[in-house]
Amino acid sequence: MCGIVGYIGERDAAPILLDGLRRLEYRGYDSAGLAVMDRAGAVMVQRAAGKLGNLAQRVEAAHPQGDAGIGHTRWATHGPPIERNAHPHSSPDGAILVVQNGIVENFHDLRAELRAEGYVFLSDTDTEVIAHLIHRFYHNGCGGDLEWAMRCALARLHGPNAIVAMSKDQPRRLIAARLGHAGGVAAGERAGEAFLASDMPAILSHTDEIVHLESGQMAVVEPGRIRYSTLSGDAVERRPVSVAWTAAEADKGGYAFYMEKEIYEQAASLTAALRGHLDVENRRVELAALNLDAGKLAALRRVTILACGTSYYAGLIGKHYLERLAGVPVEVDYASEFRYRQPLVRSDDLAVAITQSGETADTLAAAELAKERGAATAAIVNVEGSQITRLCDGVIPMQAGPEIGVASTKAFTAALVDLLLLAIYIGQETGRLDAEQRGELIEALLALPGMAGALLDEARRSGRYARLAETFHTSRNFLYLGRGMHYAIAREGALKLKEITYIHAEGYPAGEMKHGPIALIDEEWPTVVVAPQDRVYDKMVSQVEQIKARRGKVLAVASEGDAYLAGAADYVLPIPAANEFILPILAVLPLQLFAYEIARRKGLDVDQPRNLAKSVTVE
Ligand code: F6R
């Protein structure tokens, strides 16, 4: 949710912190702030409500001097997004400064306790409680030792939190800590310098050797040196891992928005998703990091897919893949529901968590619960080294490269590829899917990136989606319909539209239309039908007839050359004919483009839609 950065070294800290915040702005963007400290312990704090540009202007005018500092971009949890609630927050004497990502769940009790001791609060945030607590322990009981004061303060906090603090008394040191499943803390060092950030894109231009702090760990960060320990003070050996992502991948590369870039680079991200998984000659799928042997797979009684948002919709399609190709029953659960409904889990279950970020609090908690109750666990995940990769027994990496746009696009299609690979793999290892069927699916997967690339090239050349946006950007409501696997695509298409254009859209199973939603249809209420030529195509055609009979406008995601829909629908969003398991991966592309172009036409900030954040690391 919020983004945290920290720097200590030889260079001016302010521009490095601002650059880091710019790369993390997708995590939260309702206010931002930074504190820069010089070697004598003089600190300058700058904070501003609104987008990062407001803070950048203030920093430019004030020229804070110093070669250490911390910064924060906020997604409000406690208190409105106004300047006094922006981080960093400080102790009463201004000596201890703190930035935080997470929630202090017992903040009311702690605030009352500190108030009774005379502490005064200047903000509505839970973060200020942390600054005051550290201050209290620093002066009472910890003998002016910031590290220990922080440990004592952290022991009083409930809830997931990632925190970075610094003190005027120790100007050549930052301290970071992580409690529970709050958004990550990545640390990296380079000759004479050290960096901290919630997420790798803020560090990658400085170093690709990174340590992800585990829950319950602390990092004491000095120029060129980072020391790791547990919260009780025991030293911990942490070796940096080399990250394959590059800083260039995490840039916009000439596109207006990250989302646009991420949509158009899907030929490449789909190719990358397949990397290392296909043995074409032997018509086999390899999932080495899944860590499940053939015996365990044969004994599997059920797969439970756990995810949120777009990743959940990928899971709905995964159910079709796994049930049909691997012959195993599948349940798909919202992670936020699963974790609170006392699920029945057995040791012959496999829980598959799908998460782009690997840091979504509900998904982590749901996977942890499934594991505690005896299930084998696997993560389909994009961000290398994220928490879910360490929590689950096995991993299928999306390999999609950094996804920065808040609306997920290329991670969705990569997750579908991974789910298809998983279904083929289980079918192959259990003998339920013969070599011929595997061969056909592998051929289809190999053809997929080229098909996606051709679709996207044609879309760009034709300008079709910009024209559709011109026609539909003033619509107030949309219905999205699909059936079978394309029901999930309808829901994903509707989610993309509402989150970046703020137009109300509902994704619905087409067969349920006549049980209620058809009452909505009139000339003003357009319907997007996802109706490529698959096994339920005829059923979709009758939906189109029913909508047209009520004078509704129809936009149809249809197979190229479908003469019927070309005549019956008002607008066609074409996709190529393909293997039925590949079709949903192609069918979502027009819906991503449609939402993107409408948002652009409305002049909205596509990468930073209001009220949203990329990684939802709080409940
Ligand atoms: C929508 C979107 C969200 C995420 C959801 C889960 O475009 O991006 O719905 O899919 O917050 O995030 P991850 O996959 O990181 O767990």
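Residues numbered from 1 in each chain as written. Predicted model: local features only at pLDDT ≥ 70, side-chain atom pairs only at ≥ 80, totals over all residues. Heavy atoms only, no water.

*Asks:* Can you walk me through the overall build of the protein chain in this structure?
*Replies:* Helix and strand counts for the protein chain come out as 19 helices and 27 strands. Taken against the 2.2 N^0.38 rule, which gives 25 Å for 619 residues, the C-alpha radius of gyration of the protein chain at 25 Å falls within 12% of a compact globule. Projecting the C-alpha coordinates of the protein chain onto the three principal axes gives extents of approximately 75 × 55 × 45 Å. Of all 619 residues assigned to the protein chain, the portion counted as buried reaches 61%. Summed over its atoms, the accessible surface of the protein chain is roughly 21900 Å², and 49% of this surface lies on carbon and sulfur atoms. (Helix = DSSP H or I, 4+ residues; strand = E, 2+ residues; numbered from the N terminus. Rg over C-alpha atoms; globule rule 2.2 N^0.38 Å. Buried < 20%, exposed > 50% of the residue type's maximum accessible area, 1.4 Å probe, protein only. Areas by Shrake-Rupley, 256 points an atom, 1.4 Å probe, with all protein chains shown as cover.)

*Asks:* Explain unusual backbone geometry here, please?
*Replies:* Most peptide bonds take the trans form, and the phi angle of most residues other than glycine is negative. Omega for the bond connecting H87 with P88 falls within 30 degrees of zero, at 0 degrees, which places this linkage in the cis form. For P88, the location among the structural elements is in the loop between β4 (68-74) and β5 (89-90). Positive phi outside glycine occurs at Q399, with the angle close to 60 degrees. Looking at where Q399 falls in the secondary structure, it is placed in the loop between β22 (394-397) and α13 (410-430). Positioned with a positive phi, R551 is a non-glycine residue whose angle comes to about 65 degrees. Within the secondary structure, R551 sits in the loop between α17 (537-549) and β26 (554-559). Here R551 falls in the exposed class, since its relative accessible area comes to 57%.

*Asks:* Please clarify how the sheet that holds strand β23 (residues 477-482) should be interpreted in this entry.
*Replies:* What holds strands together in a sheet is hydrogen bonding between their backbones, with the strands either parallel or antiparallel. Strand order in the open sheet made by the 5 strands is β24-β23-β25-β26-β27, with parallel pairing throughout. Each edge of the open sheet carries a strand with a single partner, namely β24 (504-509) and β27 (571-575). Put simply, the sheet's adjacent strands are angled 20 degrees from each other on average, direction ignored. Examined bridge by bridge, β23 and β24 share 6 bridges and lie parallel to one another. Across the sheet, L481 pairs through a bridge with Y508, a residue of β24. (Pairing = 2+ DSSP bridges. Axes fitted to C-alpha atoms, helices over the stretch in contact; angles between N-to-C directions.)

*Asks:* For this particular structure, what's the right way to read the site of the ligand?
*Replies:* In the region of the ligand, 15 residues are neighbours, and S311, T355, S357, T360 and E499 sit closest. With respect to the ligand, the side chain of S311 contributes an N or O atom lying 2.7 Å from an oxygen atom. Here an oxygen atom of the ligand sits 2.7 Å away from a polar atom, N or O, in the main chain of Q356. Contact with the protein chains hides 90% of the accessible area of the ligand, taken as 410 Å² for the molecule alone. Tallied by class, the residues present in the shell around the ligand amount to 5 nonpolar, 8 polar and 2 charged. Both domains that furnish three or more residues to the shell around the ligand are identified here as domain 2 (258-459) and domain 3 (463-601). (Near = heavy atom within 4 Å. Polar contact = N/O pair within 3.5 Å; in protein donor to acceptor, adjacent residues only side chain to side chain. Nonpolar A, V, L, I, M, F, W, Y, C, P; charged D, E, K, R; others polar. Domains from an automatic or database assignment.)

*Asks:* Honestly, the side chain of T377 in this entry has me stumped. Any pointers?
*Replies:* Here T377 lies in strand β21 (residues 376-381). In this structure T377 comes out as buried when scored by relative accessible area, which is 2%.

*Asks:* Teacher, can you tell me more about the packing of aromatic side chains here?
*Replies:* Each aromatic ring pair is described using two quantities: the centre-to-centre distance and the angle formed by the ring planes. Within this structure, the stated rule accounts for 11 aromatic pairs. Note on F257 and Y596: the rings are 6.4 Å apart at their centroids and 75 degrees apart in plane angle, and the pair reads as edge-to-face. With F257 in the loop between β15 (241-242) and α6 (258-264) and Y596 in helix α19 (residues 583-601), this pair connects stretches of sequence that are 339 residues apart. Relative to F594, the ring of F478 has its centre 5.7 Å away and its plane inclined at 80 degrees; by these criteria the two rings are edge-to-face. With a gap of 116 residues between them, F478 in strand β23 and F594 in helix α19 connect regions that are remote in the sequence. (Phe/Tyr/Trp six-rings, centres within 6.5 Å; stacked < 30°, edge-to-face > 60°.)

*Asks:* What is the right way to look at helix α4 (residues 127-139) in this model?
*Replies:* One turn of the α-helix equals 3.6 residues, which is why residues spaced by three or four share an orientation. The end-to-end C-alpha distance of α4 is 19 Å, a good match for the 18 Å that 13 residues give at a rise of 1.5 Å each. With respect to burial, α4 is a largely interior element, 12 of its 13 residues being buried. Those residues of α4 that are buried lie in contact with β5, β6 (96-102), α3 (107-116), α5 (146-155) and β7 (161-167). Positive backbone phi, at 110 degrees, marks G141, one or two positions downstream of α4. (Expected span 1.5 Å × (residues − 1). Contact = heavy atoms within 4.5 Å.)

*Asks:* Mind showing me how you'd approach the domain arrangement of the protein chain here?
*Replies:* The extent of an interface is frequently quoted as the accessible surface area lost upon association of the parts. Per the domain assignment, the segments making up the protein chain are domain 1 (3-242), domain 2 (258-459) and domain 3 (463-601). Spacing between the C-alpha centres of domain 1 and domain 2 amounts to 34 Å. Facing the 14 residues of domain 1 at the interface are 13 residues of domain 2. Of the roughly 1100 Å² buried between domain 1 and domain 2 on both sides combined, carbon and sulfur atoms contribute 52%. Applying the counting rule to domain 1 against domain 2 returns 2 salt bridges. Between R178 and E359 there is a salt bridge, with the nearest N and O atoms lying 2.8 Å from each other. Seen at the junction of domain 1 and domain 2, the total is 2 residue pairs in polar contact (both at pLDDT 80 or more). For the side of domain 1 that touches domain 2, the class distribution of residues is 6 nonpolar, 6 polar and 2 charged. (Buried area = accessible area lost by both parts, 1.4 Å probe. Salt bridge = Lys/Arg side-chain N within 4 Å of Asp/Glu carboxyl O.)

*Asks:* Explanation requested: the packing of helix α9 (residues 309-326) against helix α16 (residues 485-501) in the structure shown.
*Replies:* Describing two packed helices takes the angle between their axes plus the distance from one axis to the other. The interhelical angle for the contact between α9 and α16, taken along N-to-C directions, is 170 degrees, at an axis separation of 9 Å. The pairing of α9 with α16 is recorded here as roughly antiparallel in orientation. Of the residues in α16, those touching α9 at G309, T310, Y312, Y313, L316, I317, H320, Y321 and R324 are M485, Y487, A488, I489, R491, E492, L495 and K496. (Parallel < 35°, antiparallel > 145°, perpendicular 65-115°, else oblique.)

*Asks:* Whenever I open this one, the sheet that holds strand β18 (residues 302-307) confuses me. Can you help?
*Replies:* Pairing in this open sheet of 5 strands is parallel, and the strands run β19-β18-β20-β21-β22 from one edge to the other. Across the chains shown, the open sheet's two edge strands, defined by having one partner strand only, are β19 (330-334) and β22. Within the sheet, the average angular offset between the axes of one strand and its neighbour, ignoring direction, is 20 degrees.

*Asks:* How should the nonpolar core be read in this particular structure?
*Replies:* Across soluble globular proteins, nonpolar side chains show a tendency to be buried alongside one another. Counting residues in hydrophobic clusters, the biggest one holds 100 residues, and the most contacted among them are Y321, L322, F478, Y480 and F594. By residue number, the principal contributor to this core is α13, which donates 14 residues. When residues are assigned to domains, this core turns out to be shared by domain 2 (258-459) and domain 3 (463-601), each giving three or more. The residues touching Y480, leaving out its near neighbours within four places in the chain, are A490, G493, A494, L497, A505, E506, G507, Y508, V528, L591 and F594. Counting residues in each nonpolar core, the second largest holds 33 residues, with V5, L52, A186 and L204 among its members. (Core = buried A, V, L, I, M, F, W, Y, C linked by side-chain atoms within 4.5 Å.)

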